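Per-entry structural report
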Amino acid sequence: MAFTEVAYKALQDIVGEENVSNEPAICQAYSRVQWLPSGVMQRENCGLNMRPACVVMPGSTEEVQNIVKIANRYQFPFIPRGSGFTFQAFPTAAGTIVIDPKRMDRIIELNEKDMYAVIEPYVSFVGLQSEAMKYGLYTPTPLAGSQVSCLANYAWHGAYGNSWITGVGAQNLLGFELVLPDGEVVKSGSMTCPGAGNFWNDGPGPDLRGFLRGGMFGHAGGIGVVTKISCKLWQFAGPEVFPTEGNANMKFSSGFGEDVWRWYMIKFPYKYPEEEELELKKSAELFYEMGKAEIGEVATHLAQQFLYTYSSVTKQDLFDNIKNDVFPSGFVVVALQAKTSFKQMEYEEKVLKEIVKKVGGIFVEEDEPAYQVWIKRAANEWIRFGNAQRLARPSDNFSIGSSNVDSIDSIVYEIIESNEVGRDLLKKEGLGKDFVQPLSIHGGWISPQEYGYWCLHTTDVFPEQEPEQCNQAIEIIGKVAKSQLERKSAAAVIHLLGPAYDIFGPMLGNVHLIMKDLKKEFDPNNLANPGYATRPDVLSQEELQKMMGH
């Protein structure tokens, strides 16, 4: 495939000369890979091929259509890009263009009555959040940070601080408009019917969200370009303007009166880490009881290292907090919101206190260091989410060591088993011993979804952003994944992404062949982000085998 001067001129005709660039410095900015180990590995192998041939910025669905049609005419690959947070949005072959929709940044509709918004790709969470709060509504709050694209986050996966209420991205996606890889447009949900509104996702006809998202995470533009979505909004008790203190990353706190929100930290009387399994199981019991009572706006279990990284304002602050043992274990964090009335929140508080007593939990007192550092500094970030970059502060790099979706009980089991694998790798092979923040072998993020109906978990790996340590991280992640497959964990579906389709597909009903057939049907020229959902050529079979511990 080749990108020609004629093709470049055609793109200029579509969007205007000022909205296309092949300047090396600009294109190089679109080749960065953020912080994931696989990105570092692909950077080693791809070299300058990671630099796109050009960057084009459409301003409408029609312009996206025409760009895609030009790509098919001149046979060059294209990759749509959101805010660039994840590592799949960079070229793996020469002659690829990047479609950056930053000119498409409108909130088309904000419906207060039916509690939804219709948005274009470059509407960020902070942009939608600030508008929604004026109407007593708010969005899910992503761990990725307030700067990311709502559209990309919902179409991709989306895990949120308030998932106890909202669930993940799929539960908030009400409809979409998609330019297929051949340039045709398809819509989903009630968006398909003129005048019907944009409030419904389950028809008429089949629910197409699975086609857009695929597996667990979606196809990173491998099935086309999403140009518009309709998404849920949720009740918010206020205030209309979110109060904060400090500037940017140096913010120490953001808070408002207890007549609107109340935060709690809960611990259990077990020795850490020796009795951590008991602490995790009791946390699960607490969540189940809260789910039965249908109380709370936020309910989550945070691992020790997550508490340290997210609450620390500087690296020195991080190291000081660790030295002072501010978080001697993992903790459960709960928030209540007065979204109907102050009495409703007071009732929920009484129920919460009874549940905590029933399961043997202990409320952390306000004068304890853990409360002061987390609740005072970080808690409201789980509603506003402006400082998620703190998670990478220990080494400027982190990745998910293990992940799964299942029942809360099964998630607790997964954390215990996955961390046991990590403990063995650290002890027997020394993997992770030189990481700035050592390999996590304790705890995990337990994120119950939709009143505990199901649950998500992650554990984290913190290498430096350099090839040797990142390859160690890949090996750790691969061996944890292998152990999950051997014990027939539901986590296998988490790994169905890009090259992993070829690894895990034969074990899962040959789903990789189904995805390849879909790709061939809708993208016969394999131009939409080649490699998703098929295997990118930059990963050799030997590297794939090493990842799996063979």
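Everything that follows concerns the structure shown earlier in this document.
Residues numbered from 1 in each chain as written. Predicted model: local features only at pLDDT ≥ 70, side-chain atom pairs only at ≥ 80, totals over all residues. Heavy atoms only, no water.

Their axes nearest at 10 Å, the elements helix 1 (residues 5-15) and helix 4 (residues 61-74) cross at an angle of 165°. Our classification of the angle between helix 1 and helix 4 gives roughly antiparallel. Note that helix 1 runs across helix 4; the crossing there is right-handed. Of the residues in helix 4, those in contact with V6, A7, A10, L11, I14 and V15 of helix 1 are E63, N66, I67, I70 and Y74. Split into classes, the residues belonging to the contact of helix 1 with helix 4 amount to 9 nonpolar, 1 polar and 1 charged. (Axes fitted to C-alpha atoms, helices over the stretch in contact; angles between N-to-C directions. Helix = DSSP H or I, 4+ residues; strand = E, 2+ residues; numbered from the N terminus. Parallel < 35°, antiparallel > 145°, perpendicular 65-115°, else oblique. Left-handed = near helix turned anticlockwise from the far one by under 90°. Contact = heavy atoms within 4.5 Å. Nonpolar A, V, L, I, M, F, W, Y, C, P; charged D, E, K, R; others polar.)

With that out of the way, let us pick up the pattern of salt bridges. Across all of its chains, the model carries 22 salt bridges by this definition. Between R103 and E63 there is a salt bridge, with the nearest N and O atoms lying 3.4 Å from each other. Separated by 40 residues along the polypeptide, R103 in the loop between strand 4 (97-99) and strand 5 (107-111) and E63 in helix 4 bring together distant segments of the chain. Taking relative accessible area as the criterion, E63 reaches 17% and is therefore assigned buried. For R106, the salt bridge identified is with E120, shortest N-O distance 3.1 Å. Placement of R106 in the loop between strand 4 and strand 5 and of E120 in the loop between strand 6 (116-119) and helix 5 (125-132) is noted, with a sequence separation of 14 residues between them. Residue R106 is classed as partly exposed on the basis of its relative accessible area, which comes to 48%. Look at E120 and you get buried, because its relative accessible area is 5%. A single salt-bridge network, built from bridges that share partners, covers E177, K187 and K228. (Salt bridge = Lys/Arg side-chain N within 4 Å of Asp/Glu carboxyl O. Buried < 20%, exposed > 50% of the residue type's maximum accessible area, 1.4 Å probe, protein only.)

Turning our attention to the sheet that holds strand 5. One open sheet holds the 5 strands; their spatial order is 5-6-10-8-9, and the pairing between them is antiparallel. What marks the edges here is a single partner per strand, and that holds for strand 5 and strand 9 (185-187). The average angle at which neighbouring strand axes cross in this sheet is 10°, direction not considered. By the bridge criterion, 6 bridges tie strand 8 (residues 173-179) to strand 10 (residues 225-232) in an arrangement that is antiparallel. (Pairing = 2+ DSSP bridges.)

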